[in-house]
Amino acid sequence: MNIVVLVLLVLVVLALLAVMSRNRLVRLNISVDEAFAQIEVQLKRRSDLIPNLVETVKGYTNHEASTLEAVVAARAKATAATTVADVAAADGSVTQALRGLLAVTENYPDLKASANFLALQEELSTTENKVSFARQFYNDNVRSLNQAIKTFPSSLFANSAKVSARPFYEVEDPQDRKAPTVKF
Amino acid sequence: MATAARNFDFRKLQAGNRRKSGELLFGMGIIVGAVVWALMTYFGKGGVAIVPVAIGIALLSVWGSYWASDKIVLTMTGAKLLNENENRQLYDLVSEVCVAAGLPLPKIAIVEDDAPNAFATGRDPEHAVIAFTTGILRLMDREELQGVAAHEMSHVANRDTLVSAIAATTAGALAILTDFLMRMMIFGGGERRDDRDNQNPIALIASIVVLILAPIAAMLLRLAISRKREALADVTAVQFTRNPAGLRRALEALQADTTVVQQRSTSVAHIWIESPLDNSATSKLFSTHPPLSERIATLKAMEGLS
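Residues numbered from 1 in each chain as written. Chains lettered and ligands numbered in written order. Predicted model: local features only at pLDDT ≥ 70, side-chain atom pairs only at ≥ 80, totals over all residues.

Novice: Give a description of the overall build of chain A that names residues and reports values.
Specialist: For chain A, the count of helices and strands is five helices and zero strands. The linear arrangement of helices and strands in chain A, starting from the amino end, is α-α-α-α-α. Every one of the 184 residues in chain A was classed for burial, and the buried ones make up 31%. Look at the contacts in chain A between residues 6 or more apart in sequence, and 79% of them connect residues 24 or more apart. (Helix = DSSP H or I, 4+ residues; strand = E, 2+ residues; numbered from the N terminus. Buried ≥ 20, exposed ≤ 12 C-beta atoms within 10 Å, placed from the backbone. Contact = placed C-beta atoms within 7 Å.)

Novice: Any details on unusual backbone geometry? Residues and values, ideally.
Specialist: Pro-153 of chain A follows Phe-152 of chain A through a cis peptide bond whose omega is 5 degrees. In this fold, Pro-153 of chain A is placed in the segment after helix H5 (115-150). Even without being a glycine, Arg-159 of chain B presents a positive backbone phi close to 55 degrees. With a phi close to 50 degrees, Arg-242 of chain B is a non-glycine residue in the positive phi region. Relative to the helices and strands, Arg-242 of chain B is located in the loop between helix H10 (201-241) and helix H11 (244-256). Judged by the 24 C-beta atoms lying within 10 Å of it, Arg-242 of chain B is buried.

Novice: So what about the pairing of strand S4 (residues 129-133) of chain B? Which residues, and what values?
Specialist: All names here are of chain B. Buried residues dominate S4, accounting for five of its five residues. Bridging between strand S2 (residues 107-111) and S4 involves five bridges; their strand directions are parallel. Residue pairing for S4: Lys-107 is matched across the bridge by Val-129. Here strand S3 (residues 118-121) runs beside S4; their pairing, made up of four bridges, is antiparallel. When the bridges of S4 are listed, Ala-120 appears paired with Ile-130. (Pairing = 2+ DSSP bridges.)

This is the structure in structure tokens:
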């Protein structure tokens, strides 16, 4: 009699553990989706800033057409990307093009002193920080998910929960290895 | 991957601080157990009835201040909520940290005070408030303020208002309980119980010692929990910003600064980033925060300096 109760109790505990670790997988999978959506939100914000930035820079410079075109072209390509790898690649080229543009602005003191540009600068630097934090948050979530998929006991439920390992968001940019705080 | 190159041991440090604060909370549970034992030894089983009463009173007094912590602290410190356009940079850097933490944007508030300090409170991330003094905004640059904001948002992420409410409830219940029992011992000598007469005297003396020491031990544990949560918030801040230098420089700036927050109310001392009470005279055992030098050393180790 007692043994039956004991076995039942153990079974109930095991079933609870199973449900919990399966739910954890599903939750982690959702947070990866949400984290990726957050990256896209921040990229969209940055993308929306570009036309204004390009117009402002254009008004003060004469010989920087190619730098400006690079930014516009990179932005156009970024809007078409959907997969993680594509979005990351497009993100990387926009980041690089913007950095090139901001390096060029150093040569135009009038531009740097203009009120419009100063406001844009804070806007750009915070957006750049947010983009980089959103990437980091996404990668941390992917890390937890992939770890849970590989480790026992949650590894048992990866198939039934239709959860699989997700790709990291990798931006090809040597400067990205530095601290995410961006100063212009 | 960017983070792989800067893989600090913050995960290990976080786990360590979480475990230690969990152990300390467990320690408070043990004290409660010891007091209940002392009570049963001295007054017999009938006395146990007052345990839920004491816990109930403590819960009632702490619950309100936990539930409405955002509103209460704003009133007590006189903090004013910040409008998005008043201080664009502060608003921006707090929202950056929120992106890094995956948390909703808290209410941001400013306290008119020349002493540099900051705090966060709120029962959950949806009701969080993060406040900065005008002094800290003057003293620190963007990177340092980002470190401070990350430390404060870590308190929100780690649910430290809840942790300190639990610690306060337990310590409060123990204070009420032992106070009540000591009075019963002193004034209630006539009500001797039959089941007490055959107790051995050593157990009786031990129970008196437990009742005397329990509230002090609970208070020390509560402070130790507060210190561990502060250390945890420093480490979690590094998880958010991956930039230990920002917070480290901020703490160094606080160390160099000598102005003390005017509001020296002890009831809200634990929520500031730097203890507002002048604790130069008191020992580490009695303070709500680990010493700044210790916190700076931990951050330096994470930077790979030192």
